[in-house]
Amino acid sequence: MALLPPNLFAFERDEFGDLNWMPLALRYRLDLCGLKLPLSTWQRLTFDERARLLGLPCEGETERRAWEEELKSAISSTGREELSSLEPWIDPEIIPSNVQEKISVLGVGMNVAQWKRLEPVQRYALCKLAVSKQSDRYFPQAVREFQPPI
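Residues numbered from 1 in each chain as written. Predicted model: local features only at pLDDT ≥ 70, side-chain atom pairs only at ≥ 80, totals over all residues. Heavy atoms only, no water.

**Considerations on the overall build of the protein chain**
Piece 1. A tally of helices and strands in the protein chain yields nine helices and two strands.
Piece 2. Sequence-ordered secondary structure for the protein chain, helices as α and strands as β, is α-α-β-α-α-α-β-α-α-α-α.
Piece 3. The burial tally for the protein chain puts 38% of its 150 residues in the buried class.
Piece 4. Carbon together with sulfur atoms contributes 54% to the accessible area of the protein chain, which is approximately 8,900 Å² in total. (Helix = DSSP H or I, 4+ residues; strand = E, 2+ residues; numbered from the N terminus. Buried < 20%, exposed > 50% of the residue type's maximum accessible area, 1.4 Å probe, protein only. Areas by Shrake-Rupley, 256 points an atom, 1.4 Å probe, with all protein chains shown as cover.)

**A closer look at unusual backbone geometry**
Piece 1. Backbone geometry places Leu-19, a non-glycine residue, at a positive phi of 60°.
Piece 2. Residue position: Leu-19 is located in the loop between helix H1 (13-16) and helix H2 (24-33).
Piece 3. Residue class for Leu-19 comes out buried when judged on its relative accessible area of 0%.

**Examining the confidence of the model for the protein chain**
Piece 1. Here the protein chain averages 84 in pLDDT, while 89% of its residues score no lower than 70.
Piece 2. Strand S2 (residues 84-85) is the least confidently modelled element of the protein chain, averaging 67 in pLDDT, while helix H4 (residues 47-55) averages 93, the highest of any element. (pLDDT = per-residue confidence, 0-100.)

**Details of the packing of H2 against helix H5 (residues 61-76)**
Piece 1. Running from amino to carboxyl end, H2 crosses H5 at an angle of 110°, the nearest separation of the two axes being 10 Å. Viewed along their axes, H2 and H5 adopt a mutual orientation that is roughly perpendicular. Read as a crossing pair, H2 and H5 show a hand that is left-handed. Across the interface between the two elements, Leu-26, Arg-29, Leu-30, Leu-32 and Cys-33 from H2 touch Arg-64, Trp-67, Glu-68 and Leu-71 from H5. (Axes fitted to C-alpha atoms, helices over the stretch in contact; angles between N-to-C directions. Parallel < 35°, antiparallel > 145°, perpendicular 65-115°, else oblique. Left-handed = near helix turned anticlockwise from the far one by under 90°. Contact = heavy atoms within 4.5 Å.)

**Regarding a nonpolar patch on the surface**
Piece 1. Together, Phe-9, Phe-11 and Leu-24 make up a nonpolar patch on the protein surface, roughly 340 Å² of accessible area in all.
Piece 2. Summarising the element assignment, Phe-9 is placed in the segment before H1.
Piece 3. A residue is classified by how much of its surface remains accessible, and Phe-9, at 44% relative accessible area, is partly exposed. (Patch = residues over 30% accessible without salt bridge, like charges linked within 9 Å, V, L, I, M, F, W, Y side chains within 5 Å. Salt bridge = Lys/Arg side-chain N within 4 Å of Asp/Glu carboxyl O.)

**Observations concerning the state of the cysteines**
Piece 1. Evaluated as defined, the whole model comprises zero disulfides.
Piece 2. Of the cysteine sulfurs around Cys-58, a residue in no disulfide, the closest is that of Cys-33, at 4.1 Å.
Piece 3. With a relative accessible area of 2%, Cys-58 lands in the buried category. (Disulfide = S-S within 2.5 Å.)

**Brief notes about helix H6 (residues 97-106)**
Piece 1. All of the buried residues along H6 are Asn-98, Val-99 and Ile-103. Viewed end-on, H6 has its buried residues packed into an arc of 135°, placing them on one side of the element. Those residues of H6 that are exposed and angled more than 90 degrees off the buried face are Glu-101 and Val-105.
Piece 2. In the core, the buried residues of H6 are packed alongside helix H7 (112-117), helix H8 (120-130) and helix H9 (135-146).
Piece 3. A positive backbone phi angle near 75° is found at Gly-107, which sits one or two residues after H6. (Arc of directions from axis to C-beta.)

Here is the structure:
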């Protein structure tokens, strides 16, 4: 029996154990790096490449950069470059345009100094909520909750 790949939740093992689909640990890493990877590109990687990528650490800035380089290297071996960047929620110096637009609609406003004071997970939440189908419901609530003082 083959060993299960690392970093799979127990509830994912039956459906994601072959790594044909993107497990949450991969999606988390992609989001941490601000990247978007098409499923078809993920599926062109070998099982061993997929498992290796899931086994690599990806927490601190240095690890994230190293993981992103490993991913790019694996993808380049497929002969196609299909990795794109998402909004830079990790970058505290830039308020993503879609977040800025949603905030402006609310009439609240947020400057870069306020954006910088948000926790990374709060910036992530605002970026995700800005494009969510539930944006009108949850985005204003999140902005009010996270709104740092000027």
